[in-house]
Amino acid sequence: MEEIKTIDAANLEVFSEVLQSLAATDRDIMVVTSDSRGSGKLVPFGQKYPEQIVEVGIAEQNLVGVATGLASMGKKAFAVSPACFLTARALEQIKNDVAYSDNPVKLIGISAGVSYGALGTTHHSLHDYAVLRAINNITIVAPADNFETAEAIKQAAQMTSPIYLRFGKKTMPANLATNSNTDFKIGKGRVIQEGNDLTFVATGEAVLPCVEAAKLLEKEHNISCKIISLHTIKPLDTELLLASAANGNPVITVEEHSINGGLGEAVASLLFQNGCTNKFKIVGLPDDHTVSGSQIEIFNHYGISAEGLKNTALNIIKL
């Protein structure tokens, strides 16, 4: 497979590049879309490999059904649809046809979180981690940068069990790691920065604000932050999380998801059940109707920003 060059692109664009590269030598790669070829950056894929893409229209339940049929016949099926619809309208099909029946469909939730911004709550996917975490036999992954995206897609293509991958629309850095960490494995978190005073545990596009906040904390307050990109929300990397919490320092989780049922509650449950007593804070979207606006405006409103996370860190350290 040719090397994918990832230089500050939207993760979805990297997804499309990698998929095209895989399809060039693997006829079993199949893409199923629900009127989402354009928004999923898959127009070039369809032009190159018209026999390896299926369009079902705005019919998410059919999308999952068709992808399941293809997967059951040995195809590496990628079902691509907006996350807000894929994990709500087709939840029963995901639960029964994919997870319960153990069909290795690669569910791709695009424009996730608050990527649709001004379209409002109906188009925000702030429930997907919660509902899918409650379903047995499905892996949940939200890559933070272009590097993690490329590696996640390559590994997902070879998986023989169901997986859900979540992508936003924003241009993301090629590699967020400040320590040259190029290790990536689904199911294992990735330490992208070492630190001694506080740990940020974040996933997806919420990792970048943690990196920005850590720079402010170091520069302005001489506070050293460890940052974990917990790209795999299920299964959790229990070993890494428990080891990181062993020093007793505060832990802040950050996610582009409801504070109910997502990354924060998963990490809190793990730590508390293993006797950890660290100061702990979940940063995400509150249990309320979310405000409308661009992704960055919504992030700023709810404190998922460099300044907001800096203040959260200072407050928890002072407690």
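Residues numbered from 1 in each chain as written. Predicted model: local features only at pLDDT ≥ 70, side-chain atom pairs only at ≥ 80, totals over all residues. Heavy atoms only, no water.

Our focus in this paragraph is empty space enclosed by the protein. Summed over all chains, the structure comprises 2 cavities of 30 Å³ or more. Looking at the largest cavity, its volume works out to about 70 Å³. Split by residue class, the lining of the largest cavity holds 4 nonpolar, 4 polar and 3 charged. By volume, the second largest cavity amounts to about 30 Å³. Of all the secondary structure elements, the ones that give two or more residues to the lining of the second largest cavity are strand S8 (198-202), helix H9 (238-245) and helix H10 (263-273). If you tally residues by element for the lining of the second largest cavity, the top one is H9, at 3 residues. Among the residues making up the lining of the second largest cavity, the classes are represented as 7 nonpolar, 2 polar and no charged. (1 Å grid on protein atoms, 1.4 Å probe; cavity = no way out; pocket = protein on both sides within 12 Å on 5 of 7 lines; lining within 4 Å. Points joined across faces, edges and corners; volume = space filled by probe spheres on them. Nonpolar A, V, L, I, M, F, W, Y, C, P; charged D, E, K, R; others polar. Helix = DSSP H or I, 4+ residues; strand = E, 2+ residues; numbered from the N terminus.)

Further remarks concern the environment of Ser36. Positionally, Ser36 belongs in the loop between strand S1 (29-33) and helix H2 (43-48). By relative accessible area, Ser36 is classed as buried at 0%. In the structure, Ser36 is positioned 71 residues away from Leu107 in sequence and 13 Å away in space, judged by C-alpha atoms. When neighbours within four sequence positions are excluded, Ser36 is seen to be in contact with Glu55, Val80, Ser81, Pro82 and Ile110. (Buried < 20%, exposed > 50% of the residue type's maximum accessible area, 1.4 Å probe, protein only. Contact = heavy atoms within 4.5 Å.)

With that settled, consider the confidence of the model for the chain. Mean pLDDT over the chain: 94, with 97% of residues reaching 70 or higher. Contacts of residues 1-6 to residues separated by more than four positions or lying in other chains number 12 contacts, the stretch itself having pLDDT below 50. (pLDDT = per-residue confidence, 0-100.)

On to the state of the cysteines. The tally for this structure, following the rule as stated, stands at 0 disulfides. Of the cysteine sulfurs around Cys276, a residue in no disulfide, the closest is that of Cys225, at 19 Å. You can call Cys276 buried: its relative accessible area is 18%. (Disulfide = S-S within 2.5 Å.)

To continue, consider the sheet that holds S8. Read from one edge to the other, the open sheet built from 5 strands follows the order S7-S9-S8-S11-S12, with strand pairing classed as mixed. In this open sheet, the two strands that pair with only one neighbour each are strand S7 (190-193) and strand S12 (280-285). Taken pair by pair, the neighbouring strands of this sheet meet at an average axis angle of 25°, ignoring direction. As judged from the 3 bridges shared by S7 and strand S9 (residues 225-229), these two strands associate in the antiparallel manner. From the neighbouring strand, Val191 faces S9, where its bridge partner is Ile228. (Pairing = 2+ DSSP bridges. Axes fitted to C-alpha atoms, helices over the stretch in contact; angles between N-to-C directions.)

Let's shift gears to the pairing of strand S4 (residues 106-110). For S4, the buried fraction is high: 5 of the 5 residues fall into the buried class. Of the two faces of S4, the one holding Lys106, Ile108 and Ile110 and the one holding Leu107 and Gly109 are both buried throughout. Judged from the 5 bridges that link them, strand S3 (residues 76-82) and S4 form a sheet pairing that is parallel. In the strand pairing of S4, Pro82 is matched with Ile110. Of the strand pairs in this sheet, S4 and strand S6 (residues 163-166) are connected by 4 bridges, and their pairing is parallel. The residue bridging Gly109 from the neighbouring strand is Arg166, located in S6.

Between helix H1 (residues 11-23) and helix H7 (residues 146-158), the shortest axis-to-axis distance is 9 Å and the interhelical angle comes to 40°. Relative to H7, the element H1 lies oblique. Between H1 and H7 lies a crossing of right-handed hand. Contact residues: H1 offers Asn11, Val14, Phe15, Val18, Leu19 and Leu22, while H7 offers Asn146, Thr149, Ala150, Ile153, Lys154 and Ala157. Among the residues forming the contact of H1 with H7, the class breakdown is 8 nonpolar, 3 polar and 1 charged. (Parallel < 35°, antiparallel > 145°, perpendicular 65-115°, else oblique. Left-handed = near helix turned anticlockwise from the far one by under 90°.)

On to the sheet that holds S6, then. Pairing is mixed in the open sheet, where 7 strands are placed in the order S2-S1-S3-S4-S6-S5-S10. The outermost strands of the open sheet, each flanked by one partner alone, are strand S2 (53-55) and strand S10 (232-234). Averaged over all pairs of adjacent strands, the angle between their axes in this sheet comes to 20°, without regard to strand direction. Inspection of the sheet shows strand S5 (residues 139-141) paired to S10 by 2 bridges, in the antiparallel sense. Counted as the bridge partner of Ile140 is Lys234 from S10. Across the sheet, H1 is in contact with S1, S3 and S4; its angle to S1 comes to roughly 140°.

The next point concerns the pattern of salt bridges. This structure, assessed with the given rule, holds 12 salt bridges. Here Glu151 and Lys154 are joined by a salt bridge, their closest N and O atoms 3.0 Å apart. Residue Glu151 and its partner Lys154 are located together in helix H7, separated by 3 residues, close to a single helical turn. Classification of Glu151 as partly exposed rests on a relative accessible area of 21%. For Lys188, the salt bridge identified is with Asp237, shortest N-O distance 4.0 Å. Within this pair, whereas Lys188 is found in the loop between S6 and S7, its partner Asp237 is found in the loop between S10 and H9, the two being separated by 49 residues in sequence. Taken together, the salt bridges that share partners define one network made up of Asp145, Glu148 and Arg190. (Salt bridge = Lys/Arg side-chain N within 4 Å of Asp/Glu carboxyl O.)

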